Amino acid sequence: MSFDAHAARAYGRVYAATRAQHRKLRGARAVDLLIAAIALANDLPLYTRNAADFDQLAGIGLVVCAAGRAGRKRPVARRQPERGGACAVAKPRTH
């Protein structure tokens, strides 16, 4: 997936939502936000080991799911998305 014009517009929404919560916007976090913008632009869920880092993005429609760690004996609690009811991969939006 590429960072296209739709992802750039989504990044503006991601950046604004993150800044409104006074969260960090630079460094390694900036790359995470770019990935989140690509997922948002393509109507895809974002799988991460630290879903709390993206809590501020639920309000703009990003579905964030907690992914388990390989080799872990206990399952990681999964966050249920606001829409759809499960962390399933959605079809990308046609442009």
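Check the entry above for the structure.
Reference entry: report on the structure contained in this document.

Reading the values: the criteria
Residues numbered from 1 in each chain as written. Predicted model: local features only at pLDDT ≥ 70, side-chain atom pairs only at ≥ 80, totals over all residues. Heavy atoms only, no water. Core = buried A, V, L, I, M, F, W, Y, C linked by side-chain atoms within 4.5 Å. Buried < 20%, exposed > 50% of the residue type's maximum accessible area, 1.4 Å probe, protein only. Helix = DSSP H or I, 4+ residues; strand = E, 2+ residues; numbered from the N terminus. Salt bridge = Lys/Arg side-chain N within 4 Å of Asp/Glu carboxyl O. Axes fitted to C-alpha atoms, helices over the stretch in contact; angles between N-to-C directions. Parallel < 35°, antiparallel > 145°, perpendicular 65-115°, else oblique. Left-handed = near helix turned anticlockwise from the far one by under 90°. Contact = heavy atoms within 4.5 Å. Nonpolar A, V, L, I, M, F, W, Y, C, P; charged D, E, K, R; others polar. Phe/Tyr/Trp six-rings, centres within 6.5 Å; stacked < 30°, edge-to-face > 60°. Lys NZ or Arg CZ within 6 Å of the ring centre and 35° of its normal. Polar contact = N/O pair within 3.5 Å; in protein donor to acceptor, adjacent residues only side chain to side chain. Expected span 1.5 Å × (residues − 1). Arc of directions from axis to C-beta.

What to know about the nonpolar core
Here's step 1: The biggest cluster of nonpolar side chains holds 22 residues, and the ones touching the most others in it are Val14, Leu57 and Leu62.
Here's step 2: Elements with a contribution of two residues or more to this core: helix 1 (5–20), helix 2 (28–41) and strand 2 (64–66).

Observations concerning the pattern of salt bridges
Here's step 1: In this structure the tally under the stated criterion is one salt bridge.
Here's step 2: For Asp53, the salt bridge goes to Arg23, with nearest N and O atoms at 3.8 Å. With Asp53 in the loop between strand 1 (46–48) and strand 2 and Arg23 in the loop between helix 1 and helix 2, this pair connects stretches of sequence that are 30 residues apart.
Here's step 3: Judged by its relative accessible area of 27%, Asp53 falls in the partly exposed class.
Here's step 4: Here Arg23 falls in the partly exposed class, since its relative accessible area comes to 29%.

Concerning the packing of helix 1 against helix 2
Here's step 1: Contact geometry of helix 1 with helix 2 gives a least axis separation of 8 Å together with a crossing angle of 125 degrees. As judged from the angle between their axes, helix 1 and helix 2 are oblique. With respect to the hand of their crossing, helix 1 and helix 2 are arranged in right-handed fashion. Contacts from His6, Ala7, Ala10, Tyr11, Arg13, Val14 and Thr18 in helix 1 reach Arg29, Leu33, Leu34, Ala37, Ile38, Leu40 and Ala41 in helix 2.
Here's step 2: Residue classes in the contact of helix 1 with helix 2 are distributed as 10 nonpolar, two polar and two charged.

Things to note about the packing of aromatic side chains
Here's step 1: Applying the stated criterion to the full structure yields two aromatic pairs.
Here's step 2: Ring geometry for Phe3 and Tyr11: centres 6.5 Å apart, planes at 75 degrees, overall edge-to-face.
Here's step 3: Taking relative accessible area as the criterion, Tyr11 reaches 19% and is therefore assigned buried.
Here's step 4: Among the aromatic residues, those joined into a ring-pair cluster are Phe3, Tyr11 and Tyr15.
Here's step 5: Taking the ring centre of Phe54 as reference, the NZ or CZ of Arg29 above it sits at 5.5 Å.

What about the side chain of Thr48?
Here's step 1: Turning to its location among the elements, Thr48 is positioned in strand 1.
Here's step 2: Polar contacts involving the side chain of Thr48 include one to the main-chain amide nitrogen of Asn50, which spans 3.1 Å.

Quick notes on helix 1
Here's step 1: If you check helix 1, its first and last C-alpha atoms are 23 Å apart, about what 16 residues at 1.5 Å a residue would give, namely 22 Å.
Here's step 2: Three or more residues of helix 1 are buried, namely Ala7, Ala10, Tyr11, Val14, Ala17 and Thr18. Across the axial projection of helix 1, the buried residues extend over an arc of 130 degrees, all falling on one side. Across from the buried face of helix 1, at angles greater than 90 degrees, the exposed residues are Arg9, Arg19 and Ala20.
Here's step 3: In the core, the buried residues of helix 1 are packed alongside helix 2.
Here's step 4: For helix 1, the N-terminal capping position is held by Asp4, with its side-chain oxygen 3.2 Å away from the main-chain nitrogen of His6.
Here's step 5: Positive phi shows up at His22, right after helix 1, with a value of about 60 degrees.

So far we have only geometry, and geometry alone does not tell us how the molecule works.
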